[in-house]
Amino acid sequence: MSASRPNILWLCTDQQRFDTIRAFGTEGIHTPNLDRLCSDGVAFTRAYCQSPVCTPSRASFLTGRYPRTTRCRQNGQQIPADELLLPRIFADHGYRCGLAGKLHLAPCSDARIEARIDDGYHDFWWSHHPQPDWGNANAYTAWLNEKGLTWDELYERPPSGSAYWKNGIPAEHHQTTWCAEMAVKFIHENARVPWFFSFNCFAPHHPFDPPQEYRERYDPAEMPLPKSRPGELENKPRFQKLDAEWAHNAPGEFHSGAMTDADRRETIAAYRAMCEHIDHEVGRVLHALDETGQRENTLVIFLSDHGEMLGDHGLWFKGPHFYEEAIRVPLIMRWPGQFQAGHQVDGLVELIDLAPTLLEAAAIPAPADRLQGKSLTPHLTGETDPRHHRDAVFSEYYNSWTHSDAYATMLRTKTEKVVIYHGTGEGELYDLENDPDEFDNLWNVPSESTRRARMVERCFDASVFSLDPSPPRVGPF
């Protein structure tokens, strides 16, 4: 691999599930730019986040460390100042680093502006979400105000949709569009220096409110209904029963238990429309690489921090849930001439594997006493079996968002999955070969006791092996 110090373009969406890209086999969605990125790069079909909610997942993949290791295990926690973020490492090696949109490594609610550690970003256009909760400290709000516009005014103009989805702000004034404009600006202004840029739009995170012009492209009648079986939650953990009635177990917010099939189809149409809008803006950013002559020396990554249940198993949004829809995310990487174009990797991958991969691509020494990921380089260059990267993937939830008593760990192999809800006696166990949609929970099935004991042991082993490798041992005793 060349040591030519590639630019790093990191495209990160929020709450986008794996099956939202046409090239990954999903009919009924239009994503030409991401499809082209797949054909020009490497697509990872089994990439898993290390937590099914924002902050712990983002802290994890930006450090290459598990949530328990970063100590940033919950939404609302501040990432410790001694954690070393990838943009900080790249900045220390001569890269110009920038961000547009969400970071979410610290609290940013109740008008609280996100506090930063020494993150390495030189250009920091922060906008956790599009609502104007922080005045002009939200860079997107400032952008609208410079145009003589306000988010409230724009949001009220389109006709409302329903209790579950809305027609949102027109595309030309949308936060996703603004993120793309800032990325294009950064790419044009830094064509002569190596750079690292984070495009972090809030979409397709709920509320489901795409621009109306995108929403009208999707006929709800053509949308599939969510995957569920009558009565399946009777044998599932209580957290799922609660969230199936009200998303996030928050009465008054999103009454999932009262939805009709028409509501479900309309909401799925709105979500897919948000994903198509993202695809369009990604295309604009990729075009900026072409027009500035930086395509060949830019390593592009596209991923999401976690998935979205979207009604599957009766659940919406996220929470202490480890279904494939919640933790399996899209992951595409492209570096022309260095990565194998049109290659597909089906082996199990964790998002912490990105940190050592990017550092290796830029010939930057990795802090070996900190990183816990396993480089993807042999897959990107086609030098190893694409069917295998890890024996298992591991994900965590420790009172991370909803349900303060939810402490869970998940381990997934190629053929099995176990989820342990610690301190409750509850869990989930799935035979993924015979039940790939995870309908039949085998946790309490007597004939599956041996399988359960084996998988619980493997999950416990994973929790031990994910302990912080630092500080390094410096002597024999």
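Predicted model, so just to flag it, every value in this text is computed and none were measured.

J.: Honestly, the overall build of the chain in this entry has me stumped. Any pointers?
T.: Of regular secondary structure, the chain possesses 14 helices and 13 strands. For the chain, whose C-alpha radius of gyration is 21 Å, the value lies close to the compact-globule estimate of 23 Å for 477 residues. Oriented by its inertia axes, the alpha-carbon framework of the chain measures out at about 70 × 65 × 40 Å. Counting all 477 residues of the chain, 61% fall into the buried class. Sequence-distant contacts, at least 24 apart, represent 71% of the contacts inside the chain between residues at least 6 apart. Entry remark: accessible area of the chain is about 17800 Å², with carbon and sulfur atoms responsible for 49%. Taking the average location of the 47 positive side-chain charges in the chain and that of its 68 negative ones, the two points are 3 Å from each other.

J.: Quick question: what am I supposed to make of a nonpolar patch on the surface here?
T.: Taken together, the side chains of Phe460, Val464, Phe465 and Leu467 define a hydrophobic patch exposed on the protein surface, amounting to about 460 Å² of accessible area. Considering the arrangement of structural elements, one finds Val464 in helix α14 (residues 449-465).

J.: Just to check I follow, could you spell out the environment of Arg295 for this structure?
T.: Turning to its location among the elements, Arg295 is positioned in the loop between α10 (261-291) and β6 (298-304). Separated by 288 residues in the primary sequence, Arg295 and Asn7 have C-alpha atoms spaced 9.2 Å apart. Arg295 has contacts with Asp40, Leu289, Asp290, Arg334 and Pro336, leaving out every residue within four places of it along the chain.

J.: Would you explain the pattern of salt bridges in this entry?
T.: A side chain with one charge may pair with a side chain of the opposite charge, provided their charged atoms come close. The full count for this structure, using the stated rule, is 39 salt bridges. Close ionic contact of Glu83 with Arg370 constitutes a salt bridge, the shortest N to O distance being 3.4 Å. Placement of Glu83 in the loop between α3 (67-70) and α4 (86-92) and of Arg370 in the loop between α12 (354-361) and α13 (377-380) is noted, with a sequence separation of 287 residues between them. Comparing Glu83 with Arg370, the two get one shared label, buried. One salt bridge in this structure joins Asp385 and Arg387, with 2.9 Å as the shortest N-O distance. Given the relative accessible area of 61%, Arg387 is considered exposed. When salt bridges with common partners are traced through the structure, they connect Arg65, Arg71, Asp82, Glu83, Arg370 and Asp468 into a single cluster.

J.: Help me understand the packing of helix α5 (residues 139-146) against helix α7 (residues 175-189) in this model?
T.: A pair of packed helices is captured by two measures, namely the crossing angle of their axes and the spacing between those axes. Contact geometry of α5 with α7 gives a least axis separation of 10 Å together with a crossing angle of 95 degrees. Relative to α7, the element α5 lies roughly perpendicular. Between α5, through Ala139, Tyr140 and Trp143, and α7, the contact on the second element is made entirely by Gln175, Trp178 and Glu181. Each residue belonging to the contact of α5 with α7 can be placed in one class, and the counts come to four nonpolar, one polar and one charged.

J.: Which parts of the structure should I look at to understand the packing of aromatic side chains?
T.: How two aromatic rings sit relative to each other is given by the distance of their centres and the angle of their planes. Within the structure shown, the criterion is met by 24 aromatic pairs. Between the aromatic rings of Tyr66 and Phe394, the centroid separation amounts to 6.0 Å while the plane-to-plane angle is 70 degrees, which identifies the pairing as edge-to-face. Taken as a pair, Tyr66 in the loop between α2 (54-63) and α3 and Phe394 in strand β10 (residues 392-398) lie far apart in primary sequence, 328 residues in all. You'll find Tyr66 and Phe394 in the same group, each marked buried. Clustering of aromatic rings is evident, with ring pairs tying together Tyr164, Phe208, Phe254, Tyr271, Trp316 and Phe317. The ring of Trp165 has Arg215 sitting right over it, with the charged end atom 4.2 Å from the ring centre. The residue whose ring lies beneath Arg452 is Trp443, and the NZ or CZ to ring-centre distance is 3.8 Å.

J.: Even after reading the chapter, I still don't get the packing of α7 against α10, so can you show me in this structure?
T.: Remark: α7 packs on α10, axes separated minimally by 9 Å, with the N-to-C direction vectors making an angle of 10 degrees. The angle between α7 and α10 falls in the class roughly parallel. Contact with α7, carried on its side by Thr176, Thr177, Ala180, Glu181, Ala183, Val184, Ile187 and His188, involves His277, Ile278, Glu281, Arg284, Val285, Ala288, Leu289 and Glu291 of α10 and no other residues of that element. Class assignment for the residues of the contact of α7 with α10 results in eight nonpolar, four polar and four charged.

J.: I'm lost on the side chain of Thr26 in this one. Help?
T.: With respect to the helices and strands, Thr26 occurs in the loop between β1 (7-13) and α1 (32-40). Given a relative accessible area of 10%, Thr26 falls into the buried group. If near-sequence neighbours (up to four positions away) are discounted, Thr26 is found in contact with Asp19, Thr20, Ile21 and Arg272.

J.: Which parts of the structure should I look at to understand the environment of Tyr155?
T.: Position of Tyr155 relative to the elements: it lies in helix α6 (residues 151-156). What makes Tyr155 buried here is its relative accessible area of 16%. Through-space distance from the C-alpha of Tyr155 to that of Thr141 is 13 Å; in sequence the pair is 14 residues apart. Contact partners of Tyr155, with chain neighbours within four places excluded, come to Lys166, Asn167, Gly168, Ile169, Pro207 and Asp209. A distance of 2.9 Å separates polar atoms of two side chains, one belonging to Tyr155 and the other to Asp209.

J.: Could you clarify how one ought to interpret the sheet that holds β10 in this entry?
T.: Judged by pairing direction, the sheet is antiparallel, and its four strands sit side by side in the order β10-β11-β12-β13 without closing on themselves. Two strands in the sheet have a free side with no partner beyond their single neighbour: β10 and β13 (426-431). Pairs of neighbouring strands in the sheet enclose a mean axial angle of 10 degrees, with direction left out of account.

J.: What's the story with the pairing of strand β3 (residues 96-101) in this structure? I'm lost.
T.: Successive side chains on a regular strand alternate, one facing one side of the sheet and the next facing the other. Burial of β3 is extensive: five of the six residues sit out of reach of the surface. By the bridge criterion, six bridges tie β3 to strand β5 (residues 195-200) in an arrangement that is parallel. Note that in β5 the partner of Leu99 across the bridge is Ser198. Here four bridges tie β3 to strand β4 (residues 123-126), and the two strands are oriented parallel to one another. If you follow Ala100 over to β4, its bridge partner there is Trp125.

What counts and what doesn't
Residues numbered from 1 in each chain as written. Predicted model: local features only at pLDDT ≥ 70, side-chain atom pairs only at ≥ 80, totals over all residues. Heavy atoms only, no water. Helix = DSSP H or I, 4+ residues; strand = E, 2+ residues; numbered from the N terminus. Rg over C-alpha atoms; globule rule 2.2 N^0.38 Å. Buried < 20%, exposed > 50% of the residue type's maximum accessible area, 1.4 Å probe, protein only. Contact = heavy atoms within 4.5 Å. Areas by Shrake-Rupley, 256 points an atom, 1.4 Å probe, with all protein chains shown as cover. Lys, Arg positive; Asp, Glu negative; His and termini not counted. Charge placed at Lys NZ, Arg CZ, Asp CG, Glu CD. Patch = residues over 30% accessible without salt bridge, like charges linked within 9 Å, V, L, I, M, F, W, Y side chains within 5 Å. Salt bridge = Lys/Arg side-chain N within 4 Å of Asp/Glu carboxyl O. Axes fitted to C-alpha atoms, helices over the stretch in contact; angles between N-to-C directions. Parallel < 35°, antiparallel > 145°, perpendicular 65-115°, else oblique. Nonpolar A, V, L, I, M, F, W, Y, C, P; charged D, E, K, R; others polar. Phe/Tyr/Trp six-rings, centres within 6.5 Å; stacked < 30°, edge-to-face > 60°. Lys NZ or Arg CZ within 6 Å of the ring centre and 35° of its normal. Polar contact = N/O pair within 3.5 Å; in protein donor to acceptor, adjacent residues only side chain to side chain. Pairing = 2+ DSSP bridges.

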